[in-house]
Amino acid sequence: WRSRPESIAKIHISMRILALITARGGSKRLPRKNIRTLGGKPLIVWSIDGVKNISVICDILVSTDDPDIADTCIEAGAYVPWLRPSELATDTASSVDVALHALDWYETENGNVDGLLLLQPTSPFRTKATVKRGIKLFNKHGYQPVVGVSPTHEHPMWTLKMEGYYLVPFLKEHGLKNRSQDLPPAYVLNGSFYLITPAELRAGHSFIVAKTIPLLIESPQEAMDIDTEWDFKMAEFIAANSCEN
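Residues numbered from 1 in each chain as written. Predicted model: local features only at pLDDT ≥ 70, side-chain atom pairs only at ≥ 80, totals over all residues. Heavy atoms only, no water.

Of regular secondary structure, the protein chain possesses six helices and 10 strands. Looking at the 245 residues of the protein chain, the share that counts as buried comes to 47%. For the protein chain, contacts bridging at least 24 residues in sequence account for 75% of all contacts bridging at least 6. Surface accessibility of the protein chain: about 12,800 Å² in total, with carbon and sulfur atoms responsible for 54%. When the 26 positive and 28 negative side-chain charges of the protein chain are each reduced to one mean point, those points stand 4 Å apart. (Helix = DSSP H or I, 4+ residues; strand = E, 2+ residues; numbered from the N terminus. Buried < 20%, exposed > 50% of the residue type's maximum accessible area, 1.4 Å probe, protein only. Contact = heavy atoms within 4.5 Å. Areas by Shrake-Rupley, 256 points an atom, 1.4 Å probe, with all protein chains shown as cover. Lys, Arg positive; Asp, Glu negative; His and termini not counted. Charge placed at Lys NZ, Arg CZ, Asp CG, Glu CD.)

In this section: the side chain of N34. Within the fold, N34 resides in the loop between β1 (17–23) and β2 (37–38). For N34, a relative accessible area of 5% puts it in the buried group. A polar side-chain atom of N34 sits 3.1 Å from the main-chain carbonyl oxygen of R24. Among all residues touching N34, those that are not within four sequence positions of it are A23, R24, P42, L43, I44, I69 and P121. (Polar contact = N/O pair within 3.5 Å; in protein donor to acceptor, adjacent residues only side chain to side chain.)

The element helix α1 (residues 43–50) is extensively covered by neighbouring structure, given that seven of its eight residues are classed as buried. Listing the buried residues of α1 in full gives L43, I44, V45, W46, S47, I48 and G50.

Taking strand neighbours across the sheet as the criterion, the six strands line up as β4-β1-β5-β9-β6-β10 in an open arrangement whose pairing is mixed. Edge positions in the sheet fall to β4 (57–64) and β10 (213–216), since each has one partner strand and no second. Recorded for the sheet is a direction-independent mean angle of 30° between the axes of neighbouring strands. With five bridges joining them, strand β6 (residues 146–151) and strand β9 (residues 187–196) adopt antiparallel strand pairing. What sits directly across from V149, in β9, is L189. (Pairing = 2+ DSSP bridges. Axes fitted to C-alpha atoms, helices over the stretch in contact; angles between N-to-C directions.)

It is worth spelling out the pairing of β6 at this point. Within a regular strand, the side chains alternate between the two sheet faces. A large share of β6 lies buried, amounting to five of its six residues. Alignment of β6 against β10, held across four bridges, turns out to be parallel. Within β10, the residue paired with V146 across the bridge is I213.

Quick look at a nonpolar patch on the surface now. The grouping of W158, L160, M162, L167 and L176 at the surface amounts to a nonpolar patch, some 510 Å² of accessible area in total. One can find L176 in the loop between β8 (166–169) and β9. (Patch = residues over 30% accessible without salt bridge, like charges linked within 9 Å, V, L, I, M, F, W, Y side chains within 5 Å. Salt bridge = Lys/Arg side-chain N within 4 Å of Asp/Glu carboxyl O.)

In structure tokens form, the structure reads like this:
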């Protein structure tokens, strides 16, 4: 599975960002989802196509343990130099450990990068314009980490929990007596975009640090994270009724 698109190899640019797409073969809730056809092409190919021809991206590296996913990604123009070790392909393996494995290998073989851009293949509708906007924020703020967020539909200040038989506010400082428009804006990670320097990722072992810049994504379809059969059916509807990236 050692394939490298000539068009993006060895590019000499002022900023080098490695795009990493992680795609495990096993999926209990939606089997084979990463290569399931959506809008005429495998789900994972949407993410590959979405970052092609962005000048600062030095490679589109796919980390997978699955030969079928690897072959699909190579055909789509991604770089798949190995299959992921089995210990990093379990339900308990963290995305940070998977990312660090890929990053360490890539920098050893190809030199240092300024940023690692993690793209989940389950967010197929992120646009190239949004990716470029996130990279611009990363550059503007001195390479501070940038993550994709969306306005949350269920405000945390209105959430409840059970104590015995009764409902009580989940948060001590709740807003149950406030109108929704009087609550402070709240955001949720949507999983579509994570950009961080290798140094920060290694030091903090997290994509979220004390000073993380939000990439606000208000489009519901761009923020979509496909995890269930229902999600996939919604994605099929969106793909059939909208334009590609």
